[in-house]
Structures are given as structure tokens and as C-alpha cells.
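# Chains, contacts and geometry: an overview
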Amino acid sequence: MVNDSSSPSPEKGKKPLKKKKSGKKGAGDESPKGFKGQVVAFYLSWSPEFKEFVRYLCFVALFCAVIFMPRNADPFFMTKGIEDIFTSNEFDYNIDFDRMNSRAQVMKWFEDVLIPNLLPTTDYNGDSLTTMEKGFVGVYNKRLGTARVRTVKVKEGTCNVPLELQDKIQECYPSLSDSTLDTSAFSSNVTTISGSTVTSNVLDVPYMASADASWYSPLTKLTYPGSGQVIELDNDLANVTAMWENVKATDWIDSSTRAVFVNVNLYNANVDLVSATKFSIEFSSAGAIFTSSQIRCLPLIRPVRVLLGDGATGLASLTFTLELIFFGMVLMYILNEARVIRNKGVVYLKNFWNQLEFINLLLFLIVMILRALSLGYIGAVYDSFADDTTYLDLDWVMYFAKVVENFNAFNAVLTFLKLFKFVRENRRMSQLVDTVQLAASDMTSILVIILVIASGYGIAFHIAFGHAVREYRDFAESLFTLFLATLGDFDLDELRSYNQVLGAFLFVTFIVVMFFVVISMFLAIVDSAYESVRETLLESASEAESIDPLTRDVLRVVTAPSVVGDKIYRLFVGNPEAAGPSEEEVARRKALEAKKAAEEAALAAQTPEAQERAAALKREHDFKGLYDEAMGKIEKLQEVQDKLQRTLNLISDNITVAEKEEEEG
């Protein structure tokens, strides 16, 4: 059946009619000429793989610029300065914030370290500070708003006491949970009599349901709510000192207290950094006290200063501009991925590199949303930075900023791993990916074995030493400690001090089984896979293999400087090959011509017999030259034949091995 769209064949004997050329040129009939044509031709001369690789390199370069340009050592130095003031400052012999172990020491830290350094009144030489200078902590850090002290308490009598001990134990305060959390305000009026002086100490502390963000303790593995009984420390030292006397007298921090949090916000104008500091003091229901500090120093207000034109530096403006360009590229990649997924469906996500790209872009999208929320919040409270009478809540925005940094840290790994996606066509550059793919199934089995052994020993170490050794206090910490032990970081003496026999037995058997056996198996699998990849690479190197387009264009870029330099040299110096011969070359040529003319004259002067003998000698010389040339070509053909024979033997051996394996199978 003839397709209707096909044109009829011309009749026999008649020439087919020629189509008349249109007077107008079509849009695609001829490439643009001139400079525009040269640009188009230059762009089309590069392979699509290379152009995509260059675009991604620009993406990586922008990411590195956005991450590294605003970073230096200033946040570390600011954190170190705050730690020196509040946590490393000893208020008793060999006792600082990190070594507190009683409520009396906690109260002394408040009185001797926190309050005097938070609300200074005199300089180091005893001179009184001005009103403005009193608003600074450690000379350089401006206090933003008031400080906040928050306690988290549990209800009294919510734990069960044995009947035999109920007359001996009048108070019982359980561990913190949703059911035991005390949500009431604190109010107390205590009258103290000292000689003839009667003092009435009144303290009313309100309960706030959302005073702060919830906080997870890495020490006790507990999550504390953001609610609690809250006291705000104003900027008058006398008022704060008098109020703290009431705190002590009314026993606000008592046995029902499970945690005390102190929030302080600071700003250092020298380095344009905002610090949100949280000091945490946990009172375990088992009697232990744990202290920790969380100091976050970030350039929180720099983007807002850029948007408002509030004296931002040129570097800050450039960084924010590059960040916007980078987020624009992220959106471009997201739209492109959405289009490809819509066209190809779920099949597109079955590829490992596509999955990696999807996760990477998803995390970048989350970063963009969090950055927008943070900027919006900072812009809303920016005017409140100058208000010293109220508490400035920066905990949420600091939490978002830290989450953004965590996502960017993970994105940095994914972003650079994706570079292997572009070089996978090059055998030498894809050795890592090929090795992992080849050893993936065997490594999975070994990882399962490692998990089983580590779980068994993790439980054993936790049961045996969890009550006494900090590193084995729970199952997760026990597993992590055993992982460090395989890297050589362990303390066998501490284990033997608690149980000399069991400690040595568990540790030695774990190292022997895990390190000398299982890890050796794991490394052997990786080594075997890598050797297979190397053999494949060497075999492919001996074959005539065409270079991939990306590598070809990369080499073109690498060799471009030498080509451009050669053209510049020819432009200014001239082409040495096009220049005329030197005087020495002219003299040499004339000498050769004169020698040739003399030989011809001597030959002409000879007798016919002598000329015949000379011609015969010349023919014999020419024949010998042709014979030598032919023998050389025969030797080369013999080498090619030997190489072909070896290849055929190798193929035959592989076929034989495959047939034997098939018969055995």
C-alpha cells in the first residue's frame, strides 16, 4: 500500500520537474555570517556534555563562593571570648561552669559570674562605666534586649514511693515527661528574721507556654519543652541583685527543677556578628548535674542590612547578590528536573545519579525556604534590636540558620559527588564509581555482618559498663565508642578498672573479630573489585578506543593557552616557516648544486662503457633500497599478524572458559 504522503514517481522517458528556488532564503538555509555567525559556530563546536559540565562547574563555583566568602575565623573567636567570660571563669577553687555539681555552686555561678559580667558597672581599673558602656559584655559585645532565665519543673508527688518508706520520704519528684511537667506559675512570700531585722522576700514568676524553642540535650538524651517559669533580667544591676536575693530566699530553684536555661543575645559591631547564647543546667532525677553551653555566632543581619542599605560592606553586598544568582540556578535546575520527570515518569528516578540530583535539589529548595523565612523574621524584628527593655527572641531564627548550615554541609558532599556523573564516560576518572558498583553486593553482606557483631558487643558493653563509664551509658553511645575503638581510640585501662576480666575479654574479642577478620574481609572485597576495574582499564587502553566528547573538549580547553600563545607569537614575530632561508642555508644549497653539477660534468666526460657501469651501479643501489624498504614493511606486517593471533587466542581461551563454566553450572 502506497503512503499518501509520498510523491508520485515521474513517467518513463520524462525528466522530473525541478523545483524552482524561492527568491527568499529560509531561516535555516544559511548560517548567519559575520561576528554573530562566528559566535554561533564556536558555540556549536562544543559537545552538549561539555556545555552541561561547564554549567555545573559554574553552579559549584557559585555554591563555594556563597559558602566561603562570608566565612572566616571571627565566629570562632567571638565564641571563644564568650566562653572565657561565662564558662571558663572559675568562681571557686577549680570550679567553673562546666564543673558545677551542686545547687549551691549553681547559685554562686549566677551571683559571681553571670550577673556581674552581664551587667558590668566598673572597668578593670575601678573606674565607673558610662551608661552606654554598661550595655556591653566583655568590652566588644553589645547586649541585645534583656537576658532570660527559665526553669523547667516537674510536679511534686507524681512518683510512687514504697509503702515501707512513705513515712521517711515526704517529697518525690520524678523524671521529666509530658504528664509530670509543672505548668503552674511560681509565687512565694518568705519572711526572714535576722536579729531585729525582718525581711519579706516576695517572688512571683509567671509561666509561659512558648517562651523558647524546645531543646534536645546531647548529654542526657532528653527533650526539654520551650515552656517554663520565666524571669527576665533587666539592665539595672541593683534590681537584678535584689531580685536574685528573693530567688535564693524563696528557693525558686529547688528539688522539682529539672533544668535551668539562660538566654543572652549579643552583637559585635567589629565583626558584624550576632550571638544567641544559651547556658543549660540540667538537674537529673538521679541526682547528677549536667552543664552545657550553646553559643551560635552568625552574620544574621548582614542580608537585611544589604536590602535596607544600612551601611553593609561591599563584600556583604556581593555575597548576597551571588546567593540570589545561585538560588536562581537552583530554580532553573529544579524546573528542568520537573520537566524531565514529567516526560519520562518514575523510570527517570531509578538511576542512581538522578536520585542523587533529586535529593540535592530538594535540600537546596528547603534551604531557600528557610533562608526566606529567616530574612523575613529578622526584617520584622530589626527595629527591636535597639530596645534594651524587652527580651529579643532570636532562638527560632538561630535554629533555622543552624539547620541551613547543616543542610549546606550535607549538600556540599552531594554537590561534589555529582562531578563523577560527568566523568563517568572516561574510564580513568570513573574508577571510584566502577569499584563501588562492582563491590556493592559483597559490601552489603559484610555491612550486615558488621551490624550484627557491633550490635551484640554494643549491648554487652552497655550492660557491663553503662552504669560507670560515660562512653557506654546507653546503646547508641556504646556503638559509637566501639566504632572509635576500631580506629584506635580506646581506653582499655578504664574498662579493666571496673571489671578486669570481663573488660579485657570483651575488648580483645571485639578487636580480633571486628578489626582483624571482618574489616580485613571488607578491604579485601574492595581491593579485589579495584583490581578488576584496573585490569579492564588496561585492556581497554591497548585497544583503539575513541575519546569521549567531554574529554576531547576538556583537552581542547587545556591546550588552548599554548595554541593562543603560538598565534600571538606568529602575529608579532611572524611565521618562521614562511620566512626566507638564512644566509647559511643559501650557501649550503649553492654548494650542493655546485657538487651536483660537477658530478654531472664528470659523468658526461666519461666513455660510454664507464657511463654504462655507473648506471648499473645506480640501478643496483636503488634496487637495494627498495628491497630494504619492502623487508621493513614485511616485518611490520608480521608484528601485526602476531598481535592479531594473540588476540584470537585470548578470545578462544575466554570462550573455552565460559563453556566449561556453563557445563559445570
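What you are looking at is a predicted structure, and each value in this text was computed from that prediction instead of being measured.

Here strand β10 (residues 257-268) lies mainly inside the structure; 12 of its 12 residues are buried. Strand direction decides the pairing type here: strand β3 (residues 147-153) and β10, joined by 6 bridges, are antiparallel. In the sheet register, threonine 151 faces β10, and the bridge partner there is valine 260. In the sheet, β10 pairs with strand β11 (residues 273-283) via 10 bridges, with the strands oriented antiparallel.

This part takes up a negative patch on the surface. A surface patch of negative charge is lined by Glu471, Asp489, Asp491 and Asp493. Structurally, aspartate 489 can be placed in the loop between α12 (475-486) and α13 (492-498).

The subject of this paragraph is empty space enclosed by the protein. Over the atoms rolls a probe the size of a water molecule, and its path tells where empty space is left. Scanning the entire structure with this criterion turns up 2 cavities of 30 Å³ or more. In this structure, the largest cavity encloses a volume near 70 Å³. Every residue lining the largest cavity is listed: Asn263, Val264, Asn265, Ala276, Thr277, Lys278, Gln294, Arg296, Tyr391, Asp395 and Met398. Listing elements by their share of the lining of the largest cavity, those giving two or more residues are β10, β11, β12 (289-298) and α9 (395-417). Residue composition of the lining of the largest cavity, grouped by class: 4 nonpolar, 4 polar and 3 charged. Its volume calculated, the second largest cavity comes out at about 30 Å³. Together, Thr151, Val152, Lys153, Leu181, Asp182, Tyr207, Ser227, Gly228 and Gln229 line the second largest cavity. Residue assignment for the lining of the second largest cavity shows that the elements contributing at least two residues are β3 and β9 (228-233).

Across the protein, the average pLDDT comes to 83, with 88% of residues at 70 or higher. With pLDDT under 50 throughout, residues 1-29 is counted as low confidence; its partners more than four residues away or in other chains account for 2 contacts.

Next up on the list: the nonpolar core. Ranked by internal contacts, the top residues of the largest apolar core, which has 41 residues, are Phe86, Trp109, Phe110, Leu118, Trp252 and Ile281. Ignoring anything within four residues of it in the chain, the contact list for phenylalanine 86 reads Phe97, Trp109, Val113, Leu114, Asn117, Leu118, Val137 and Phe279. Counting 26 residues, the second largest nonpolar core, distinct from the first, contains Phe326, Tyr333, Phe422 and Leu550.

We now examine helix α7 (residues 314-344). For α7, built from 31 residues, the straight-helix expectation of 45 Å at 1.5 Å per residue is met to within 8% by its first-to-last C-alpha distance of 45 Å. In the core, the buried residues of α7 are packed alongside α2 (48-68), α6 (302-308) and α8 (352-381).

Turning next to the packing of aromatic side chains. Evaluated as defined, the whole model comprises 31 aromatic pairs. With 6.1 Å between their ring centres and 50° between their planes, tyrosine 399 and phenylalanine 400 make a pair best called tilted. Assessed through its relative accessible area of 41%, tyrosine 399 is described here as partly exposed. The class of phenylalanine 400 is partly exposed, set by a relative accessible area of 24%.

Among the 10 residues of β12, 7 are classified as buried, and the element is accordingly described as predominantly covered. Inspection of the sheet shows β11 paired to β12 by 10 bridges, in the antiparallel sense. Along β12, the bridge assignment pairs lysine 278 with glutamine 294. Linkage of β11 to β12, two consecutive antiparallel strands, is achieved through a turn of 5 residues, within which glycine 287 is found at a positive phi near 110°.

This part takes up the side chain of aspartate 254. As for its position among the elements, aspartate 254 is in the loop between α5 (237-250) and β10. Here serine 256 takes part through its side chain, which lies 2.7 Å from a polar atom of the side chain of aspartate 254. For aspartate 254, the contacting residues outside a window of four places in its chain are Arg103 and Lys153.

Turning to the layout of surface pockets, a few remarks are in order. Roughly 960 Å³ of internal volume is contained in the largest pocket. When residues of the lining of the largest pocket are traced back to their parent elements, those giving at least two are α2, α3 (74-86), β12, α6, α7, α8 and α9. Sort the elements by how many residues they give to the lining of the largest pocket and α7 lands first, with 7 residues. Of the residues in the lining of the largest pocket, the class split is 27 nonpolar, 7 polar and 8 charged.

Our focus in this paragraph is α12. Given a rise of 1.5 Å per residue, 12 residues ought to cover 16 Å, and the 17 Å separating the end C-alpha atoms of α12 matches this to within 8%. Three or more residues of α12 are buried, namely Ser478, Thr481, Leu482, Ala485 and Thr486. Seen from one end, α12 has its buried residues packed into an arc of 145°, which puts them on one side. You can read the cap of α12 off the contacts: a side-chain oxygen lies 3.3 Å from the backbone nitrogen of alanine 476, and it is on aspartate 474.

Turning our eyes to something else, we now look at the packing of α2 against α7. Here α2 crosses α7 at 140°, and the two axes come no closer than 9 Å. As summarised for this structure, α2 and α7 are arranged oblique, according to the angle between their axes. Read as a crossing pair, α2 and α7 show a hand that is left-handed. Across the interface between the two elements, Arg55, Tyr56, Phe59, Leu62, Phe63, Ala65 and Val66 from α2 touch Thr319, Leu322, Glu323, Ile325, Phe326, Met329, Val330 and Tyr333 from α7. Here the residues of the contact of α2 with α7 sort into 12 nonpolar, 1 polar and 2 charged.

Before going further, it helps to spend a moment on the environment of threonine 180. You can see threonine 180 is positioned in the loop between β3 and β4 (186-194). Among residues more than four places away in sequence, those in contact with threonine 180 are Lys153, Val154, Lys155, Thr158, Pro174 and Ser175. In this structure the side chain of threonine 180 is engaged in a polar contact, spanning 2.9 Å, whose partner is the backbone oxygen of serine 175.

Let us now look at the packing of helix α11 (residues 431-465) against α12. The contact between α11 and α12 brings their axes to 8 Å, and the two run at 115°. When the axes of α11 and α12 are compared, the crossing they make is right-handed. Residues Ala454, Ser455, Tyr457, Gly458, Ile459, Phe461 and His462 of α11 touch α12, and the partners they reach there are Phe475, Ser478, Leu479 and Leu482.

Take isoleucine 301: it is sitting in the loop between β12 and α6. Look at isoleucine 301 and you get buried, because its relative accessible area is 5%. Linking isoleucine 301 and tyrosine 382, residues 81 residues apart in sequence, is a C-alpha distance of 8.1 Å. With residues up to four places along the chain from it excluded, the contact list for isoleucine 301 reads Tyr267, Asp272, Val274, Ile378, Tyr382 and Phe385.

Cut-offs and rules
Residues numbered from 1 in each chain as written. Predicted model: local features only at pLDDT ≥ 70, side-chain atom pairs only at ≥ 80, totals over all residues. Heavy atoms only, no water. Buried < 20%, exposed > 50% of the residue type's maximum accessible area, 1.4 Å probe, protein only. Helix = DSSP H or I, 4+ residues; strand = E, 2+ residues; numbered from the N terminus. Pairing = 2+ DSSP bridges. Patch = residues over 30% accessible without salt bridge, like charges linked within 9 Å, V, L, I, M, F, W, Y side chains within 5 Å. Areas by Shrake-Rupley, 256 points an atom, 1.4 Å probe, with all protein chains shown as cover. Salt bridge = Lys/Arg side-chain N within 4 Å of Asp/Glu carboxyl O. Lys, Arg positive; Asp, Glu negative; His and termini not counted. Charge placed at Lys NZ, Arg CZ, Asp CG, Glu CD. 1 Å grid on protein atoms, 1.4 Å probe; cavity = no way out; pocket = protein on both sides within 12 Å on 5 of 7 lines; lining within 4 Å. Points joined across faces, edges and corners; volume = space filled by probe spheres on them. Nonpolar A, V, L, I, M, F, W, Y, C, P; charged D, E, K, R; others polar. pLDDT = per-residue confidence, 0-100. Contact = heavy atoms within 4.5 Å. Core = buried A, V, L, I, M, F, W, Y, C linked by side-chain atoms within 4.5 Å. Expected span 1.5 Å × (residues − 1). Phe/Tyr/Trp six-rings, centres within 6.5 Å; stacked < 30°, edge-to-face > 60°. Polar contact = N/O pair within 3.5 Å; in protein donor to acceptor, adjacent residues only side chain to side chain. Arc of directions from axis to C-beta. Axes fitted to C-alpha atoms, helices over the stretch in contact; angles between N-to-C directions. Parallel < 35°, antiparallel > 145°, perpendicular 65-115°, else oblique. Left-handed = near helix turned anticlockwise from the far one by under 90°.

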